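Architecture at a glance
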Amino acid sequence: MKENIFGKDINACEALMTELGEAKYRGKQLYQWLYQKRCENFSEMTNFSSALREKLDGQYIEAVLMHYEHGASLCVSTQVGCNMGCKFCASTRGGKIRDLTAGEILAQIYLAEKDENLRISNVVIMGIGEPLENYDAVIKFIRIANTGFGIGQRKISLSTCGIIPGIEALAEENLQINLAISLHSVFAERRKQLMPIANRYDFEPLMEACRAYFKKTGRRITYEYALIDGYNDRDEDITGLIKLLKGSQNHLNLIGLNEVQETPYKESPRLSYILGVLEKNGVNVTMRRKMGRDIDAACGQLRKKRYKDKVSL
Ligand code: SAH
């Protein structure tokens, strides 16, 4: 959904430009284009660079609809791009452009329901962006999705790369949502190599925050683990996962890596084997069903593709 720019006063035009990282005087120029020159198209605003025109012309985000037997599930984005820098992820490659508002996140449900003429019963906050880095808007979104759209809190899952202060704050919200943590390695150093955010929020303190979250909320945590060939699918990784999760109430979701061009990471051929070994060893584990790969609807690839058609990334 794009915000209508027509009707913005001079202050709002200047604020918009500042928000976009542009000089303030650009706001005055925009004001002139809108109301003096009555220009209807950003592409005709010739004293703006093509990069700025692109910014004004809106950004793409993605929301992915999945049909399950138990209903329709929607994967929503919370930011335009992402700053977390996970090495295997497509969403983060161009950095973060901006946070989405609660309304823009809600609009993804609204539009999916309207376009497809159905009701969304489950929401996974696992699209583009790090939800706990856009905390206030995401909490507002969850509350309105719940009490406004009528989606049960237990039908909403939020995935984070491990922002500890966000997890601590979320524990205090008194919500019944499902929390998922992107784990991807049980070894602190290896996790840092894959997920730079782990340099700020290290493995052990993260596990401590998860234990505290469970204690406070009584909600079991899901750990997400995308299996990468030769990287986190080795025997010692399996042993590490067993050690971490055996007998625990928490749940492990194994994911087949969606290979992203321009990255060296390959999907592990050991997924079924690892699933079996973990099950045998008392780990509460499932495998994520693969959906959407045929249309590149996995992990930020839609936006990347769409964006690439317009400007080179
Ligand atoms: N920023 C949040 C939510 C968005 S990513 C987070 O990191 O959790 C949603 C999930 O998809 C995360 O577990 C993420 O690590 C995973 N993911 C990202 N790129 C992937 C890829 N190429 N293949 C498989 N899973 C991926």
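Residues numbered from 1 in each chain as written. Predicted model: local features only at pLDDT ≥ 70, side-chain atom pairs only at ≥ 80, totals over all residues. Heavy atoms only, no water.

Turning to the domain arrangement of the chain, a few remarks are in order. As assigned here, the chain comprises domain 1 (10-56) and domain 2 (64-312). For domain 1 versus domain 2, the separation of C-alpha centres amounts to 36 Å. (Domains from an automatic or database assignment.)

Hydrogen bonds between backbone atoms are what pair the strands of a sheet, whose relative direction is either parallel or antiparallel. Reading across from one edge, β1-β2-β5-β6-β7-β8-β9-β10 is the order of the eight strands in this open sheet, with mixed pairing throughout. The two strands at the open ends of the sheet, each matched to only one other strand, are β1 (64-68) and β10 (285-287). Averaged over all pairs of adjacent strands, the angle between strand axes in this sheet comes to 25°, irrespective of strand direction. In this sheet, strand β5 (residues 120-125) lies alongside strand β2 (residues 71-75) in parallel orientation, the contact comprising four bridges. The residue of β5 that forms the bridge with A72 is I120. Where helix α10 (residues 271-280) meets the sheet, it contacts β8 (221-227), β9 (251-256) and β10, and its direction lies at approximately 170° from that of β9. (Pairing = 2+ DSSP bridges. Helix = DSSP H or I, 4+ residues; strand = E, 2+ residues; numbered from the N terminus. Axes fitted to C-alpha atoms, helices over the stretch in contact; angles between N-to-C directions. Contact = heavy atoms within 4.5 Å.)

With their axes 7 Å apart at the nearest point, helix α1 (residues 10-19) and helix α2 (residues 25-36) run at an angle of 125° to one another. Our classification of the angle between α1 and α2 gives oblique. Along this stretch, α1 crosses α2, giving a crossing that reads as right-handed. On the side of α1, the interface is formed by I10, C13, E14, L16 and M17, while α2 contributes R26, G27, K28, L30, Y31 and L34. For the contact of α1 with α2, the per-class residue count stands at seven nonpolar, one polar and three charged. (Parallel < 35°, antiparallel > 145°, perpendicular 65-115°, else oblique. Left-handed = near helix turned anticlockwise from the far one by under 90°. Nonpolar A, V, L, I, M, F, W, Y, C, P; charged D, E, K, R; others polar.)

The subject of this paragraph is the side chain of E224. The topology assignment puts E224 in strand β8. Among the polar contacts listed, one links the side chain of E224 to the side chain of S182, at a separation of 3.5 Å. Ignoring sequence-local partners within four residues, the contact set of E224 consists of M126, S159, A180, I181, S182, L183, H184, N253, I255 and R288. (Polar contact = N/O pair within 3.5 Å; in protein donor to acceptor, adjacent residues only side chain to side chain.)

The next point concerns the site of the ligand. Around the ligand, the structure places 18 residues, and the nearest of them are E130, S159, S182, H184 and N258. Here a nitrogen atom of the ligand and a backbone polar atom of F88 are 3.0 Å apart. In the environment of the ligand, an oxygen atom lies 2.6 Å from a nitrogen or oxygen atom belonging to the side chain of S182. Protein coverage of the free-state accessible area of the ligand, which is 530 Å², stands at 95%. Of all the secondary-structure elements, those providing two or more residues to the shell around the ligand are β6 (156-160) and β8. (Near = heavy atom within 4 Å. Areas by Shrake-Rupley, 256 points an atom, 1.4 Å probe, with all protein chains shown as cover.)

All right, on to unusual backbone geometry then. In the Ramachandran plot, H184 falls in the positive-phi region, its phi being about 65° despite a non-glycine side chain. Tracing the chain through its elements places H184 in the loop between β7 (178-182) and α7 (188-194).

Our focus in this paragraph is the environment of K8. Looking at the element boundaries, K8 is found in the segment before α1. Residue K8 is classed as buried on the basis of its relative accessible area of 15%. (Buried < 20%, exposed > 50% of the residue type's maximum accessible area, 1.4 Å probe, protein only.)

A word on helix α8 (residues 203-217). Over its 15 residues, α8 extends 21 Å from the first C-alpha to the last, a length consistent with the 21 Å expected when each residue adds 1.5 Å. Elements that come into contact with the buried residues of α8 comprise α6 (164-171), β7, α7, β8 and α9 (235-245). Phi for G218, located one or two positions after α8, is positive at around 70°. (Expected span 1.5 Å × (residues − 1).)

So, about the pairing of β1. Bridge count for β1 against β2 is five bridges, and the pairing is antiparallel. Following the sheet pairing, M66 is matched in β2 by S73.

Of all hydrophobic cores here, the largest spans 73 residues; its most connected members are F141, L252 and L278. Residues within four places of L252 in sequence aside, it is in contact with Y223, Y225, L241, L245, L278, V283, N284, V285 and T286. Core analysis: the next-biggest nonpolar cluster, separate from the first, contains 14 residues, L20, L34, F42 and L56 among them. (Core = buried A, V, L, I, M, F, W, Y, C linked by side-chain atoms within 4.5 Å.)

The subject of this paragraph is the packing of aromatic side chains. Per the counting criterion, the structure on display carries three aromatic pairs. Centre to centre, the rings of F6 and Y35 are 5.3 Å apart; their planes meet at 50°, and the pair counts as tilted. Remark: Y35 occurs in helix α2 and F6 occurs in the segment before α1; sequence separation between them is 29 residues. Since its relative accessible area comes to 24%, Y35 is described here as partly exposed. With 4.9 Å between their ring centres and 65° between their planes, Y31 and Y35 make a pair best called edge-to-face. Residue Y31 and its partner Y35 are located together in helix α2, separated by four residues, close to a single helical turn. Each member of the aromatic cluster is reached from another via a ring pair, and the members are F6, Y31 and Y35. Cation over ring: K37 sits above W33, and NZ or CZ is 4.0 Å from the ring centre. (Phe/Tyr/Trp six-rings, centres within 6.5 Å; stacked < 30°, edge-to-face > 60°. Lys NZ or Arg CZ within 6 Å of the ring centre and 35° of its normal.)

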